[in-house]
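Structural overview
Given next are the chains, with one letter for each unit.
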Amino acid sequence: MIWFWKNYNYEQHIVQTKDDYLLCVHRIPSVKSANTPMPTVKSAEHKSSRIKIVNNLDYFDRKFPTVDSSSDKRPAVLLYHGFLMSSEIWVCNVDEYRNLPLLLAKKGYDVWLGNARGNKYSQYHTHRNPRHQEFWEFSLNEFALRDLPDVVDYILEHTGLPSLTYIGFSQGTATAFSGLSINPSLNRKINLFIAMAPATTPKGLHHPLIDAFVKATPSVIYLLFGRKTPLKLALFWQRIISPPMFVRLIDASVGFLFGWTGRNMTSKQKLVSYQHLYSLTSVKTLVHWFQIIRTGRFQMYDEIPSRLPYHTSNTVMDHVPPRFPTKQIKTPIAIFYGGSDSLVDFPVLAADLPTPLAYIKAIQKWEHLDFLWAEGIEDIVFPDILKLLEHFNPVANTAATADQIEASVSNETLSSMSSMVKEAGL
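Residues numbered from 1 in each chain as written. Predicted model: local features only at pLDDT ≥ 70, side-chain atom pairs only at ≥ 80, totals over all residues. Heavy atoms only, no water.

So, on to the packing of aromatic side chains. Under the defined criterion, the tally for this structure stands at 17 aromatic pairs. On the basis of an interplanar angle of 75 degrees and a centroid distance of 6.1 Å, the ring pair of F60 and F392 is categorised as edge-to-face. Residue F60 is located in helix 1 (residues 57–63), and its partner F392 is located in helix 14 (residues 382–392); the two are separated by 332 residues in the primary sequence. Assigned by exposure class, F60 and F392 land together as buried. Ring plane angle 45 degrees and centroid distance 4.9 Å describe the contact between F298 and F324, whose orientation is recorded as tilted. Within this pair, whereas F298 is found in the loop between helix 10 (283–295) and strand 9 (333–338), its partner F324 is found in the loop between helix 10 and strand 9, the two being separated by 26 residues in sequence. Note on accessibility: F298 and F324 belong to one class, buried. The ring of Y301 is capped by K284, whose NZ or CZ atom sits 4.8 Å from the centre of that ring. (Phe/Tyr/Trp six-rings, centres within 6.5 Å; stacked < 30°, edge-to-face > 60°. Helix = DSSP H or I, 4+ residues; strand = E, 2+ residues; numbered from the N terminus. Buried < 20%, exposed > 50% of the residue type's maximum accessible area, 1.4 Å probe, protein only. Lys NZ or Arg CZ within 6 Å of the ring centre and 35° of its normal.)

Given below as structure tokens:
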């Protein structure tokens, strides 16, 4: 999709994980020219009752010094998508300046877009076939233990950089929370973690009957969807019905399941972005999420779930799935969440994280998907992200963008040609 904007260099990389999944990572290494500048990003004026900010950057000035800006390399930023999504979600805003990766590329960053195993871009393995069940035997555990460390290592090895910034949305934040908590070395490789609509311990579903049903026994999901990938029928309907009808179907579904209204997104934006909303994952990942919802703990996948139709903390249980030890994370964390997002329980999340958090921004009227496609996101969220990047992962003063180099070379060439013409008396 990046080629649509015609002004960005684009690459596709394949990362082989230690368990032999082949993950596609998209890259925007630079912009082609500066002839189409982005509008100036300005912080939105807001009422204190609607948007609340906690800024602890002064603390991290002392404890976490900023990255050395003497290098001529572009600092790297890795963006990761949410549940049932792909990297497309980051670049499908209808206006160029409202796409975060494009803005970051314009600002001088080396932008990478990750894809979790099993989605439309990462449905490959060296010896497992997606048609067979064994390919889909993965959950959040594998995202944390395999995908994230291997993708980060690949990017750092490819760029020669010591660290990068990670920006995650929804499940993309859970991938980082879990990955950073169980991989101590990863904390030295990620200089800042920006969590947008963070998901670790969702409260549950909006509809009480469905919520009670899946909480009673998450493994019932296997009976509904099998052992491979869920909701594949959604792709069928997406292909055969008109985009306006599909928008109404998605709005009705998320309203029924999560209580979202979608009022902060324009109709035009929904027509485009909803076409890129759904991509495949494993049923096991879905079951893992419902296990977390049931227990209220951000824990690893339970291979031997209880058969009782209710959760118990009885001390005579035969086993207890380990929590992801998120309090052990050393990487600075910034959190952006919506006060109307039913999937984010910020008090529970904050209690499981180290203190202080580097930055917190709560937008009272925003829901989950608004952190991707809400009207005004370029003024409400992007300035804060740029401020955080400038603090923890700044663009080097000596680094010149590709378009600046081209312009400099072109000017020198024109100047040289002009001098030659004058000397020849032409």
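Counted by the stated rule, this structure contains 14 salt bridges. Put simply, R27 and E11 hold a salt bridge, and the shortest N to O gap is 3.1 Å. Taken together, the positions of R27 in strand 2 (residues 21–28) and E11 in strand 1 (residues 11–16) put the pair 16 residues apart, joining distant regions of the chain. Here R117 and D147 are joined by a salt bridge, their closest N and O atoms 2.7 Å apart. Remark: D147 occurs in helix 3 (residues 140–159) and R117 occurs in the loop between strand 5 (110–113) and strand 6 (124–125); sequence separation between them is 30 residues. In this structure D147 comes out as buried when scored by relative accessible area, which is 1%. Among the charged side chains, a network of salt bridges with common partners joins E11, R27 and D110. (Salt bridge = Lys/Arg side-chain N within 4 Å of Asp/Glu carboxyl O.)

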